[in-house]
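Examining the three-dimensional arrangement
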Amino acid sequence: MKKEEAIEKLKRQIQLIDNLKSQPRFSQDFTKWKRDTEISIEWIFGNDTRHIKEFKNISYSPFVATASTPQKTYEETFKGGLEKGRMILESMIQEIVDYWEENNINQPIIPDLNKIELLCNRFDLVARQLKTRHSSRNTIEINDEYDVQDLFHALLTLYFDDIRDEEWTPSYAGKASRTDFLLKEEQIVIELKKTRENLADKKVGEELIIDITRYKSHTDCKTLICFVYDPERRIKNPRGIENDLSKTTDGMIVQVFIRPI
């Protein structure tokens, strides 16, 4: 699909949102809009990408509701879901504007992101499988962020050749930081974290916000991948953090993965 055509399809779906907000919740027009939008996203980006997953994860109803929940709450949540849909679609348009070539057809904007997402999704399975060895032989134990780095580095070699570790980033607020990995050719930076007793919900979110701000001035960072390994599931609302921080800002794509799901 050509760049202009992809943008036009997404803009058309955005233009329908205001009318849907004035209709009853879950009207036939809403059902058609939702299905048409999902089809458009799949045709533009693919049917197994973060784009369609983000759109399908939008909630249009309260997470918790009882018989005493006022109708106004249902209506506000429904309209809030539509507004989140608008934001996601607008972000997709900006992504196409910034990163698609004029004659780009039938390809995700950065196919390498799908490979990295697969590694994030499978990381916990690999880590647990490594614990099972013949005759109880020694293996890697994932106890801290250095262990996560070692295993993730090994997995990256499946897809990438030029993997540079411990690259310095520009200073922020008087402090310099070091990335975990830089994929130089792809201009992708990968930041890895592992939760622990004093690093969970709020602290993880705060650190990621600081990291995102730092990397905006990194000359080789066009895409920032933040992988948070949370085997003990210390983070109570991982999808909330992912949705809040995964976006395109100032021309830099940010994608946050908190795993296992």
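Residues numbered from 1 in each chain as written. Predicted model: local features only at pLDDT ≥ 70, side-chain atom pairs only at ≥ 80, totals over all residues. Heavy atoms only, no water.

1. A short note on the overall build of the chain
Within the chain, the regular secondary structure consists of 9 helices and 8 strands. On C-alpha atoms alone, the chain measures out to a radius of gyration of 20 Å, which is about the 18 Å that the 2.2 N^0.38 rule sets for 261 residues. Dimensions of the chain along its principal axes, counting C-alpha atoms only, are 60 × 50 × 45 Å. The buried share of the chain, taken over its 261 residues, is 45%. Within the chain, contacts between residues at least 6 apart in sequence are counted, and of these 68% link residues at least 24 apart. Accessible area of the chain: about 14,500 Å², with a carbon and sulfur share of 47%. Mean positive and mean negative side-chain charge positions of the chain (41 and 46 charges, respectively) differ by 4 Å. (Helix = DSSP H or I, 4+ residues; strand = E, 2+ residues; numbered from the N terminus. Rg over C-alpha atoms; globule rule 2.2 N^0.38 Å. Buried < 20%, exposed > 50% of the residue type's maximum accessible area, 1.4 Å probe, protein only. Contact = heavy atoms within 4.5 Å. Areas by Shrake-Rupley, 256 points an atom, 1.4 Å probe, with all protein chains shown as cover. Lys, Arg positive; Asp, Glu negative; His and termini not counted. Charge placed at Lys NZ, Arg CZ, Asp CG, Glu CD.)

2. Regarding the state of the cysteines
Counted under the stated rule, the structure contains 0 disulfides. Free cysteine: Cys226, not disulfide-bonded; nearest cysteine sulfur from Cys221 at 8.8 Å. A residue is classified by how much of its surface remains accessible, and Cys226, at 0% relative accessible area, is buried. (Disulfide = S-S within 2.5 Å.)

3. Overview of the nonpolar core
Counting 25 residues, the largest nonpolar core has Ile116, Phe123, Phe152, Leu156, Ile190 and Phe227 as the members making the most contacts within it. Elements with a contribution of two residues or more to this core: helix H6 (111-130), helix H7 (145-156), strand S4 (181-183), strand S5 (188-194), strand S6 (223-229) and strand S8 (252-259). It is H6 that provides the largest number of residues to this core, a total of 6 residues. Not counting the four nearest positions on each side in its chain, Phe227 is found in contact with Cys120, Phe123, Val148, Phe152, Glu191, Leu192, Lys193, Phe257 and Arg259. Counting 23 residues, the second-largest nonpolar core is a separate cluster that includes Leu10, Ile17, Ile44 and Met92. (Core = buried A, V, L, I, M, F, W, Y, C linked by side-chain atoms within 4.5 Å.)

4. Some points on the layout of surface pockets
As a volume, the second largest pocket reaches approximately 300 Å³. Contributing to the lining of the second largest pocket are 15 residues, with Asn57, Phe63, Lys84, Gly240 and Asn243 lying nearest its centre. Broken down by element, the residue count for the lining of the second largest pocket peaks at 5 residues, all from helix H5 (residues 71-99). Taken together, the residues of the lining of the second largest pocket break down into 3 nonpolar, 8 polar and 4 charged. (1 Å grid on protein atoms, 1.4 Å probe; cavity = no way out; pocket = protein on both sides within 12 Å on 5 of 7 lines; lining within 4 Å. Points joined across faces, edges and corners; volume = space filled by probe spheres on them. Nonpolar A, V, L, I, M, F, W, Y, C, P; charged D, E, K, R; others polar.)

5. Details of the sheet that holds S4
Across the sheet, 6 strands lie side by side as S1-S4-S5-S6-S8-S7; this open sheet has mixed pairing. In the strand order of this sheet, the two ends are held by strand S1 (163-165) and strand S7 (247-249), each with one partner. Shown here is a sheet whose adjacent strand axes are inclined to one another by a mean of 20°, direction ignored. The pairing of S6 with S8 spans 7 bridges and is parallel. (Pairing = 2+ DSSP bridges. Axes fitted to C-alpha atoms, helices over the stretch in contact; angles between N-to-C directions.)

6. Overview of the side chain of Thr248
Along the polypeptide, Thr248 turns up in strand S7. In this view, Thr248 contacts Ser91, Glu95, Asp98, Tyr99 and Ile253; residues no more than four positions away in its chain are not counted.

7. What to know about unusual backbone geometry
The omega torsion of the bond from Arg259 to Pro260 falls at 5°, within 30 degrees of zero and hence cis. Positionally, Pro260 belongs in the segment after S8. Although it is not a glycine, Phe26 sits at a positive phi angle of roughly 55°. Checked against the element boundaries, Phe26 lands in the loop between helix H2 (17-21) and helix H3 (28-45). Residue class for Phe26 comes out partly exposed when judged on its relative accessible area of 39%. Despite not being glycine, Gln187 has its phi angle at roughly 55°, a positive value. Summarising the element assignment, Gln187 is placed in the loop between S4 and S5.

8. Focus: H7
Residue pairs three or four apart in sequence face the same way in an α-helix, which turns once every 3.6 residues. Between its first and last C-alpha atoms H7 spans 16 Å; for 12 residues at 1.5 Å apiece the expected length is 16 Å, and the two agree. Turning to H7, its buried residues number three or more, namely Asp147, Val148, Gln149, Leu151, Phe152, Leu155 and Leu156. The N-capping residue of H7, defined by a side-chain oxygen 3.1 Å from the backbone nitrogen of Tyr146, is Asp144. (Expected span 1.5 Å × (residues − 1). Polar contact = N/O pair within 3.5 Å; in protein donor to acceptor, adjacent residues only side chain to side chain.)

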